Structures are given as structure tokens and as C-alpha cells.
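# Chains, contacts and geometry: an overview
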Amino acid sequence: MGQVRADEYAEFAAARARHLYRSACLLTAGDTHLAEDLVQETLGRLYVRWGRVSRADNPAGYAQTVLTRTFLAHQRKRSNREQAVDVFPDLPDGRGADASLRLTLVQALGRLPAKDRAVVVLRYWEDRSIEETAEAMNASSAAVRTRCSRALGRLRQLLGEDMSEYARP
């Protein structure tokens with residue numbers, strides 16, 4: 001890789017790493033160590049293909065897709081189910097006022113199956129369309145719709161029907 005491309009990659013990685021890490025934390029239901037591993041693997045894969053990635057219309061979206069697919073592949077490979085810790089990483093921008101809400105939501109996400117968790121993170125955290133989510137997950141749009149509906153229903157069960165206690169005043 002030429003120096004110019006290496007510099008472009010380094011700039012991209014520095015700009016996106018924090019966002020990828022936060023998404024990875026949600027995907028892993030707060031397992032910060034696994035989230036760091038997933039981000040590193042994602043950035044490594046992007047580095048290898050940086051020539052193609054840098055020419056893409058949306059390199060950030062490409063990176064998020066790689067992260068999601070890396071997470072799903074990891075979930076398929078895992079032979080033993082590790083338990084996530086009850087600690088969510090500190091947010092560098094000082095938004096810690098709703099820490100109990102975040103912890104409650106992360107714990108609820110952690111109780112969802114991996115694919116359901118990925119759908120919720122992509123659709124509602126990443127604000128992706130159904131089609132974009134389907135592409136990232138290598139699934140059909142209908143499968144994403146079904147999985148979204150079931151995942152949200154499960155979250156309602158876990159959090160209780162009266163979710164007003166979780167809403168900001």
C-alpha cells in the first residue's frame with residue numbers, strides 16, 4: 001500500500017474507530033473485550049481491501065457491514081456462551097446521566113439472540129433502512145422485517161409493556 005493510501009486509511013480508521021466500538025458494544029451486549037476484538041478485526045479487513053473500500057460510495061457503511069458480519073460469524077463459531085459483564089464502557093463525551101437506562105437496555109439486548117440483536121442495532125442504532133440491514137446481514141428484506149418485529153416484541157417482554165419509566169422526562 002502506498003504512503004498516500006496508508007495515510008487515508010489511518011485517517012479513516014481514526015475517525016470511525018470510536019463509532020465502530022460503540023456499535024460493537026451494543027452488538028456484544030456490553031462485552032467490551034469482544035467489542036475491541038471485533039473492531040480490530042474489522043479494521044484489519046478494511047486495511048487489506050482499502051483500495052476498493054476507499055472508492056466505495058459509503059466507506060463508513062461498508063465498515064459497519066464488515067463489523068456486523070464479523071460479529072455474526074463470531075457468534076456462529078463460538079462453542080461456549082460467555083456471559084457479558086454488567087459494565088458498559090465510559091462514554092468520553094460525559095453523557096453518563098442515564099447510566100442505569102443504558103445498562104438496562106444493554107442487558108435486554110444481551111438476552112436477544114445474536115441475529116435479533118444485530119437487526120435492532122442496525123435498524124435503530126445505525127438508523128439503516130430495511131434493505132441496507134438486509135444487505136449487511138446477508139438476508140432478505142422479509143427476514144429483516146420479521147426479525148425486527150420479533151426482536152422488538154421480545155424487548156417489550158423483557159422491559160415491560162409500560163416503557164414510560166425508560167423514557168426521558
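Quick note: structure is the one above.
As the structure is a prediction and not an experimental result, all values here were calculated from the model.

Cut-offs used in this document
Residues numbered from 1 in each chain as written. Predicted model: local features only at pLDDT ≥ 70, side-chain atom pairs only at ≥ 80, totals over all residues. Heavy atoms only, no water. Phe/Tyr/Trp six-rings, centres within 6.5 Å; stacked < 30°, edge-to-face > 60°. Helix = DSSP H or I, 4+ residues; strand = E, 2+ residues; numbered from the N terminus. Buried < 20%, exposed > 50% of the residue type's maximum accessible area, 1.4 Å probe, protein only. Lys NZ or Arg CZ within 6 Å of the ring centre and 35° of its normal. Patch = residues over 30% accessible without salt bridge, like charges linked within 9 Å, V, L, I, M, F, W, Y side chains within 5 Å. Areas by Shrake-Rupley, 256 points an atom, 1.4 Å probe, with all protein chains shown as cover. Salt bridge = Lys/Arg side-chain N within 4 Å of Asp/Glu carboxyl O. Lys, Arg positive; Asp, Glu negative; His and termini not counted. Charge placed at Lys NZ, Arg CZ, Asp CG, Glu CD. Expected span 1.5 Å × (residues − 1). Arc of directions from axis to C-beta. Contact = heavy atoms within 4.5 Å. Axes fitted to C-alpha atoms, helices over the stretch in contact; angles between N-to-C directions. Parallel < 35°, antiparallel > 145°, perpendicular 65-115°, else oblique. Nonpolar A, V, L, I, M, F, W, Y, C, P; charged D, E, K, R; others polar. Core = buried A, V, L, I, M, F, W, Y, C linked by side-chain atoms within 4.5 Å.

## Some remarks on the packing of aromatic side chains
- Within this structure, the stated rule accounts for 3 aromatic pairs.
- Residues Y9 and W50 carry aromatic rings whose centres are separated by 5.5 Å and whose planes lie at 75 degrees to one another, so their mutual orientation is edge-to-face. Remark: W50 occurs in helix α3 (residues 50–53) and Y9 occurs in helix α1 (residues 3–27); sequence separation between them is 41 residues. Judged on exposure class, the residue Y9 and its partner W50 are both buried.
- When the ring of F12 is compared with that of W50, the centres are 5.0 Å apart and the planes differ by 40 degrees; the resulting orientation is tilted. Residue F12 is located in helix α1, and its partner W50 is located in helix α3; the two are separated by 38 residues in the primary sequence. For the pair shown, F12 and W50 are each scored as buried.
- One aromatic cluster is present, formed by Y9, F12, Y47 and W50 through successive ring pairs.
- The ring of Y124 is capped by R123, whose NZ or CZ atom sits 5.5 Å from the centre of that ring.

## Let's talk about a positive patch on the surface
- A cluster of basic side chains, namely R5, R49, R52 and R55, defines a positive patch on the protein surface.
- With respect to the element layout, R55 can be found in the loop between α3 and α4 (59–77).
- Under the relative-accessibility criterion, R55 is labelled exposed at 59%.

## Re helix α5 (residues 99–110)
- Taking 1.5 Å per residue, 12 residues should reach 16 Å; α5 reaches 16 Å between its end C-alpha atoms and fits that length.
- Among the residues of α5, those classed as buried are L101, R102, V106, A108 and L109. Down the axis of α5, the buried set is contained in an arc of 160 degrees. They therefore lie on one face.
- Tucked inside the fold, the buried residues of α5 contact α1, α6 (114–125) and α8 (141–159).

## Topic: helix α7 (residues 130–137)
- By the burial criterion, the buried members of α7 are I130, T133, A134, A136 and M137. Along the long axis of α7, the arc covered by the buried residues comes to 165 degrees, so they all point the same way.
- Summarising the contacts, the buried residues of α7 are in contact with α4, α6 and α8.
- The positive-phi residue at the C-terminal boundary of α7 is N138, with phi of around 60 degrees.

## Notes on the packing of α7 against α8
- In contact at an axis separation of 8 Å, α7 and α8 are set at 100 degrees when each is read in the N-to-C sense. The orientation of α7 relative to α8 falls into the category roughly perpendicular. In contact with I130, E131, T133 and A134 of α7, α8 contributes S141, V144 and R145.
- Looking at side-chain class alone, the contact of α7 with α8 contains 3 nonpolar, 2 polar and 2 charged residues.

## As for the environment of G44
- Structurally, G44 is set in helix α2 (residues 32–48).
- In this structure, the C-alpha to C-alpha distance between G44 and A13, residues 31 residues apart in sequence, is 9.9 Å.

## Considerations on the nonpolar core
- Ranked by size, the top nonpolar core spans 40 residues in total, and within it L43, L46 and F71 carry the most contacts.
- When residues of this core are assigned to their parent elements, the largest contribution, 8 residues, is made by α1.
- Excluding residues within four positions of it along the chain, F71 makes contact with L27, T28, L38, A114, R117 and A118.

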